[in-house]
Amino acid sequence: TVTIDIPEGTLTNAFISDTIQDGMAFVGVDSIAFDSGISTSKGTGDFSDVEVYYNADASTISLGVGGSAGLGTIVNSETDNNDLEQVTFTYRAVVLNESAIQAGVVRSNDAEIRWQEGGSTQTEEASADVRVVEPNITVTKNVLGGDTTVEGAETVTYRIIVRNNNSNGNVSEGYDVELSDFLPDEVTFVSATQVNGPATTSAISYNGSSGSNGELTAAWDEFPVGGIARFNVVVTVNDGLPTDTVI
């Protein structure tokens, strides 16, 4: 949201704009509002037909009338110094998925009003920062109990852990998170259960026709910051495998 305080008096060749930094893209305008004590020499004069324009080449958002940026001469006829006359517009921008845009990166948007007064350009500026946050999701898989030496026909329980590590202040929720685990050919699936953690949207399940020996999948619409989901996967080691076979 950009809010511009309009000084009292007459502002010639007034121009209101906001600049979007690299790594962000304009999405759309939500609203524009103005106080009744101001007028413009453009259009109907009462700001009712003022629009927001986006210049993709310059990455700037500007107010204007009739397809042209700029507000001509603005007059603020109010004389009460305690009652600010303002123009406010709200727009949406999206952070781009680019290699330079990583967690912790700060992007600043710069708003400006400028006008002519006494032959010189007057400018008022303000900026607002946004900090990029991203999910930090990891997955680990280990043999539960730590005993990695097994015999044929023995049951083994794997522990799968999915984490959204809150290692710093730059971590966000993860959306549309999917877990996939293809079982090796040397084992036979027995069962899979979630032990604890954020509830799945799609519970863990086994599809025996996926891959060479089946696939386990689970999914979350949203995985929270700091969330830890644990699963137990039980399999039986196939009998008759050669000694020292690594699965």
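Structure first, text after, so check above.
What you are looking at is a predicted structure, and each value in this text was computed from that prediction instead of being measured. (Residues numbered from 1 in each chain as written. Predicted model: local features only at pLDDT ≥ 70, side-chain atom pairs only at ≥ 80, totals over all residues. Heavy atoms only, no water.)

Draft legend 1. Representation of the side chain of N109 within the structure. Mapped onto the elements of the fold, N109 is located in strand β10 (residues 106–117). What makes N109 buried here is its relative accessible area of 14%. Setting aside residues up to four positions removed in sequence, N109 forms contacts with D18, T19, I20, Q21, M24, Y91, A126, S127 and A128. (Helix = DSSP H or I, 4+ residues; strand = E, 2+ residues; numbered from the N terminus. Buried < 20%, exposed > 50% of the residue type's maximum accessible area, 1.4 Å probe, protein only. Contact = heavy atoms within 4.5 Å.)

Draft legend 2. Examining a negative patch on the surface more closely. A surface patch of negative charge is lined by D5, D110, E124, E125 and D129. The element best represented in the negative patch is strand β11 (residues 120–131), accounting for three residues. Structurally, E125 can be placed in strand β11. Among the residues examined, E125 registers a relative accessible area of 61% and is labelled exposed. (Patch = residues over 30% accessible without salt bridge, like charges linked within 9 Å, V, L, I, M, F, W, Y side chains within 5 Å. Areas by Shrake-Rupley, 256 points an atom, 1.4 Å probe, with all protein chains shown as cover. Salt bridge = Lys/Arg side-chain N within 4 Å of Asp/Glu carboxyl O. Lys, Arg positive; Asp, Glu negative; His and termini not counted. Charge placed at Lys NZ, Arg CZ, Asp CG, Glu CD.)

Draft legend 3. Representation of the pattern of salt bridges. Evaluated as defined, the whole model comprises three salt bridges. One salt bridge in this structure joins R114 and E112, with 2.8 Å as the shortest N-O distance. Residue R114 is classed as partly exposed on the basis of its relative accessible area, which comes to 32%. E112 gets classed as buried once you look at its relative accessible area, which sits at 17%. Put simply, D181 and K141 hold a salt bridge, and the shortest N to O gap is 2.9 Å.

Draft legend 4. Examining unusual backbone geometry more closely. The backbone phi angle of N13 is positive, close to 55 degrees, even though this residue is not glycine. Mapped onto the fold, N13 is located in strand β2 (residues 9–19).

Draft legend 5. Structural view of the packing of aromatic side chains. Summed over all chains, the structure comprises seven aromatic pairs. Look at F26 and Y54: their rings are 4.6 Å apart centre to centre, the planes differ by 20 degrees, and that puts the pair in the stacked class. In this pair, F26 sits in strand β3 (residues 24–34) while Y54 sits in strand β5 (residues 51–55), placing the two residues 28 residues apart along the sequence. On the basis of relative accessibility, which here comes to 22%, the residue F26 falls in the partly exposed class. Assessed through its relative accessible area of 33%, Y54 is described here as partly exposed. Consider the rings of F189 and Y206, whose centres lie 4.1 Å apart with planes at 15 degrees: the pair is stacked. (Phe/Tyr/Trp six-rings, centres within 6.5 Å; stacked < 30°, edge-to-face > 60°.)

Draft legend 6. Spotlight on the nonpolar core. By size, the foremost hydrophobic cluster in this structure holds 23 residues, and its most contacted members are I6, I16, L63 and F89. Broken down by secondary-structure element, the contributors of at least two residues to this core are β1 (2–6), β2, β6 (60–65), β9 (85–95) and β10. Not counting chain neighbours up to four residues away, the residues in contact with I16 comprise I4, I6, I61, S62, L63, L71, F89, E112 and I113. One finds L179, L216, F223 and V233 within the second-largest nonpolar core, a separate group that totals 19 residues. (Core = buried A, V, L, I, M, F, W, Y, C linked by side-chain atoms within 4.5 Å.)

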